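Examining the three-dimensional arrangement
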Amino acid sequence: MNQKRDPIGVFDSGVGGISTLREMIRELPDERFIYFGDAANAPYGTKSTQEVIACVRGVVEHLMKKEIKALVIACNTATGAAAATLRKELSIPVIGMEPALKPASQVRKHGSVLVLATPLTLHQEKFENLMKQYGQGAVKVPCPGLMEIVEKDDNAGALHYLQELFSRFDLDRVDAVVLGCTHYVFLKDMIRDLLPERIAITDGNAGTARQLKRVLAKADLLNGEGPGSVEFETSGTQTDLDLMKKLADFRTAG
Ligand code: DGL
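Every value quoted in this text rests on a predicted model; they were computed, and no experiment measured them.

The rules we used
Residues numbered from 1 in each chain as written. Predicted model: local features only at pLDDT ≥ 70, side-chain atom pairs only at ≥ 80, totals over all residues. Heavy atoms only, no water. Near = heavy atom within 4 Å. Polar contact = N/O pair within 3.5 Å; in protein donor to acceptor, adjacent residues only side chain to side chain. Areas by Shrake-Rupley, 256 points an atom, 1.4 Å probe, with all protein chains shown as cover. Nonpolar A, V, L, I, M, F, W, Y, C, P; charged D, E, K, R; others polar. Buried < 20%, exposed > 50% of the residue type's maximum accessible area, 1.4 Å probe, protein only. Helix = DSSP H or I, 4+ residues; strand = E, 2+ residues; numbered from the N terminus. Pairing = 2+ DSSP bridges. Right-handed = clockwise from strand over helix to strand, strands pointing away. Salt bridge = Lys/Arg side-chain N within 4 Å of Asp/Glu carboxyl O. Axes fitted to C-alpha atoms, helices over the stretch in contact; angles between N-to-C directions. Arc of directions from axis to C-beta. Contact = heavy atoms within 4.5 Å. Core = buried A, V, L, I, M, F, W, Y, C linked by side-chain atoms within 4.5 Å.

1. Some words on the site of the ligand
Near the ligand there are 13 residues, and of these S13, Y44, G45, T77 and H183 occur at the shortest range. Taking S13, its side chain carries an N or O atom lying 2.6 Å from an oxygen atom of the ligand. With respect to the ligand, the backbone of Y44 contributes an N or O atom lying 2.7 Å from an oxygen atom. Contact with the protein chains hides 99% of the accessible area of the ligand, taken as 300 Å² for the molecule alone. Among the residues forming the shell around the ligand, the class breakdown is five nonpolar, seven polar and one charged.

2. Structural notes on the pairing of strand β3 (residues 70-73)
Side chains A70 and V72 of β3 all project onto a buried face; the interleaved residues L71 and I73 project onto the opposite face, where all are buried too. Both strand β1 (residues 8-12) and β3 contribute to a ladder of four bridges, which runs parallel. Residue pairing across strands places I8 opposite A70, the latter belonging to β3. A crossover links β3 with its parallel partner strand β4 (residues 94-95), the connecting element being helix α3 (residues 76-89), and its sense is right-handed.

3. Description of the pattern of salt bridges
Opposite charge on two side chains permits them to pair, given that their charged atoms come into close proximity. Applying the stated criterion across every chain yields a total of 12 salt bridges. With its nearest N and O atoms 3.1 Å apart, the salt bridge here joins R26 to E23. In this pair, R26 and E23 both sit in helix α1 (residues 17-27), three residues apart, roughly one turn of the helix. Exposure remark for E23: the relative accessible area of 24% places this residue in the partly exposed category. With a shortest N-O distance of 3.0 Å, E98 and K126 are connected by a salt bridge. Pair noted here: E98 is in the loop between β4 and α4 (101-107) and K126 is in helix α6 (residues 125-134), with a separation of 28 residues, a long-range link.

4. What to know about the sheet that holds strand β7 (residues 174-179)
Taken together, four strands build an open sheet; the order of strands is β6-β5-β7-β8 and the sheet is parallel. Each end of this open sheet is capped by a strand with a single partner; those strands are β6 (138-142) and β8 (200-203). Taken over all neighbouring pairs, the strand axes of this sheet differ in orientation by 25° on average, direction set aside. Sheet topology places β7 next to β8; four bridges connect them, and they run parallel. Considered in β8, the bridge of A176 is made with A200.

5. Describing helix α11 (residues 238-247)
Here α11 has its buried residues at D240, L241, L243, M244 and L247. For α11, the angular spread of the buried residues around the axis is 160°, confining them to a single face. Turned more than 90 degrees from where α11 packs its buried face, Q238, T239 and K246 sit exposed. Looking at the buried side of α11, the elements it contacts are α1, β2 (32-37), α7 (146-151) and β9 (229-234).

6. Observations regarding the sheet that holds β2
Strand order across the open sheet formed by five strands is β4-β3-β1-β2-β9, with parallel pairing between neighbours. The open sheet terminates on both sides in strands that have one partner only, identified here as β4 and β9. Alignment of β2 against β9, held across six bridges, turns out to be parallel. Its bridge partner being in β9, G37 is matched across the sheet by T234. Packed on one face of the sheet, α1 meets β1, β2, β3 and β9 and runs near 175° to β2. Packed on one face of the sheet, α3 meets β1, β3 and β4 and runs near 160° to β3.

7. Brief notes about the side chain of T79
Take T79: it is sitting in helix α3. Judged by relative accessible area, which is 3%, T79 ranks as buried.

8. Quick look at the nonpolar core
Ranked by internal contacts, the top residues of the largest apolar core, which has 50 residues, are F33, L116 and F166. Among the elements that line this core, the one with the most residues is helix α8 (residues 155-167), at five residues. Residues within four places of F33 in sequence aside, it is in contact with I8, V10, L21, M24, I25, L28, L212, S229, V230 and E231. F11, I34, F36 and V56 belong to the second largest nonpolar core, which has 24 residues in total.

By themselves, these observations are geometric and do not establish any function.
This is the structure in structure tokens:
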């Protein structure tokens with residue numbers, strides 16, 4: 001059996017991880033991906049760590065039956081809650097993600113760095129450790145409700161939410177904004193338009209895709225043959241599935 005041809009499992013609480021998936025497909029076009037959106041259990045970001053671990057276990061059990069060769073947690077919240085546990089339990093590589101605070105800290109001058117993420121991400125020990133290293137000037141900005149707006153594909157609602165959010169800050173004193181939840185990356189153009197041009201916007205998607213490639217190469221699991229493909233699955237409804245496919249602006253096999 002050629003393990004290199006096995007698919008890569010990717011999951012998030014909903015559509016957010018599709019923003020990560022798009023980068024992974026760009027980086028690794030020959031790979032087969034199975035994307036799972038756990039819409040029935042969304043949102044993760046306002047649950048407790050134990051509740052998120054329980055949701056993640058259900059998703060992973062399902063994906064492992066598909067004989068995946070690697071698992072990507074395309075969700076900052078689920079990574080903080082469950083990545084360490086999964087790495088202990090699974091025999092395949094587990095790739096997670098964290099808010100892109102490091103690149104933001106590198107472009108910071110004397111102002112602040114706004115870290116937009118779910119309440120649970122910002123409460124986790126993993127994030128505290130990141131703050132110790134790269135958190136100078138960083139301000140935690142929990143965004144409860146924002147992932148739900150993305151799940152509803154509600155542009156007017158997103159604009160209203162973000163305008164109110166940024167009105168709380170003196171933007172002349174902000175150097176960078178971190179999109180610390182994969183759902184928020186779908187709002188990047190809107191956020192760009194709301195902010196002065198000199199404010200940098202960072203997210204972890206491209207870094208996660210590069211990390212996946214490095215990990216697969218190291219484990220001799222890269223599929224050099226192609227053709228690549230993507231399948232979508234959800235614990236939610238047909239509407240959830242339709243939005244997943246709409247947001248993935250590439251041809252899919254699923
Ligand atoms: N997309 C997820 C993240 O990156 C979380 C959304 C949620 O379920 O609250 O954190």
